[in-house]
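# Fold and contact review
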Amino acid sequence: MGSENFCRAIAPELPPPPNDDRLWIALCENARPLAWIGLDDPLRGEAREIVATAKSTLGLRVELLTGDSSPRGPRLAAELGMDACAHGLSPEEKMAHVRDLQRAGARVCMVGDGLNDAPVLSLADASFAVAGATDLARNQADLVIVEGGLQRVLETWSVARRCRRIVIQNFAWALTYNLGAIPAAAAGLVPPWAAAVGMSLSSLLVVGNSLRLNRFAAGNQRGSAWKVSIS
């Protein structure tokens, strides 16, 4: 039992699969073909919205990498509006594709759930595995989506980008304050009590700015549970 190419090497008289609507697996015994088994792989309900939001709102390029060699991969990518699709890939070929993207300067976020996704999940700059993924895929991913579906990928991405902006703001403030206050204090232009108050206020400002992330995360998780596990 296996793919068309695998079984045709065993049973050369294997007829072509009935159609392209399903994922077809051939069954053969010795050199005799026995049957085609058709599998349905329905889309997650949020898939179309996730791809559209990733492209239009976050400005991401979305690609599909699949080991399925049938026409289903390209058809699925076109249906979802993805930018590109590479199908019939081995785990090594998926890794080679991601390396090519990284050499070109891209930062790659990978989402996967299967055994053959585990190597590329560990290679990507950031990676997600869904809760139903294989144990190996979950162990290799940076984050595991426990609940909430693929929407958690975009929400985590948004929180991370906002966190980065706040970190840059805090560094900029700390650098500006220290460049102005430390020379003044060293020259005796600022009394010790004023320097202590200024340092405390500076720390409170940085902490208060960072706490804005709580409001942002609360807005994202309204009406649903925010559960993403860092592995």
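The rules behind each value
Residues numbered from 1 in each chain as written. Predicted model: local features only at pLDDT ≥ 70, side-chain atom pairs only at ≥ 80, totals over all residues. Heavy atoms only, no water. Helix = DSSP H or I, 4+ residues; strand = E, 2+ residues; numbered from the N terminus. Areas by Shrake-Rupley, 256 points an atom, 1.4 Å probe, with all protein chains shown as cover. Lys, Arg positive; Asp, Glu negative; His and termini not counted. Charge placed at Lys NZ, Arg CZ, Asp CG, Glu CD. Buried < 20%, exposed > 50% of the residue type's maximum accessible area, 1.4 Å probe, protein only. 1 Å grid on protein atoms, 1.4 Å probe; cavity = no way out; pocket = protein on both sides within 12 Å on 5 of 7 lines; lining within 4 Å. Points joined across faces, edges and corners; volume = space filled by probe spheres on them. Salt bridge = Lys/Arg side-chain N within 4 Å of Asp/Glu carboxyl O. Core = buried A, V, L, I, M, F, W, Y, C linked by side-chain atoms within 4.5 Å. Contact = heavy atoms within 4.5 Å. Expected span 1.5 Å × (residues − 1). Bend = angle between axes of the 7 residues up to and from the residue.

### A few points about the overall build of the chain
A count of helices and strands for the chain gives eight helices and eight strands. By principal-axis analysis of the C-alpha atoms, the chain measures approximately 95 × 40 × 30 Å. Approximately 13900 Å² of the chain is accessible, and the part contributed by carbon and sulfur atoms is 59%. Side-chain charges in the chain split into 23 positive and 23 negative, and the spacing between the mean points of these groups amounts to 11 Å.

### Structural notes on unusual backbone geometry
Located in the positive-phi region is asparagine 30, a residue other than glycine, with phi close to 55°. Within the secondary structure layout, asparagine 30 lies in the loop between strand 1 (23–29) and strand 2 (32–39). By relative accessible area, asparagine 30 is classed as exposed at 65%.

### Examining the layout of surface pockets
In this structure, the largest pocket spans a volume of roughly 1900 Å³. The wall of the largest pocket is formed by 48 residues, among which Glu63, Leu64, Leu65, Met82 and Val111 lie closest to the centre. Contributions of two or more residues to the lining of the largest pocket are made by helix 2 (47–56), strand 3 (63–65), helix 3 (72–80), helix 4 (91–103), strand 5 (109–112) and helix 7 (151–186). Counting residues per element, the lining of the largest pocket draws most heavily on helix 3, at six residues.

### A few points about the pattern of salt bridges
It is possible for side chains of opposite charge to pair when their charged atoms get near one another. Scanning all chains against the criterion turns up nine salt bridges. Aspartate 117 is the partner of lysine 94 in a salt bridge, and the nearest nitrogen-oxygen pair spans 2.8 Å. Remark: aspartate 117 occurs in the loop between strand 5 and helix 5 (118–123) and lysine 94 occurs in helix 4; sequence separation between them is 23 residues. Taking relative accessible area as the criterion, lysine 94 reaches 2% and is therefore assigned buried. The partner of glutamate 155 in a salt bridge is arginine 152, with the nearest N and O atoms 2.5 Å apart. Pair noted here: glutamate 155 and arginine 152 are both in helix 7, with a separation of three residues, about one helical turn. Residue classification places glutamate 155 among the buried positions, given a relative accessible area of 8%.

### Structural notes on the nonpolar core
Grouped together as the largest cluster of nonpolar side chains are 27 residues, with contacts concentrated most on Leu65, Met82 and Met110. Put simply, the parts of the chain that give this core at least two residues each are helix 2, strand 3, helix 3, helix 4, helix 5 and strand 6 (126–130). Looking at which element gives the most residues to this core, the answer is helix 2, with four residues. If sequence neighbours within four positions are ignored, methionine 82 has contacts with Val51, Lys55, Val62, Glu63, Leu64 and Ala77.

### A word on helix 7
With 36 residues, helix 7 should reach 52 Å at 1.5 Å per residue; the first-to-last C-alpha distance of 52 Å fits that figure. The principal kink in helix 7, of about 25°, is found at asparagine 178. Listed as buried for helix 7 are Arg152, Val153, Leu154, Glu155, Thr156, Val159, Ile166, Asn170, Tyr177 and Ala184. A positive phi of about 80° marks glycine 188, the residue just after helix 7.

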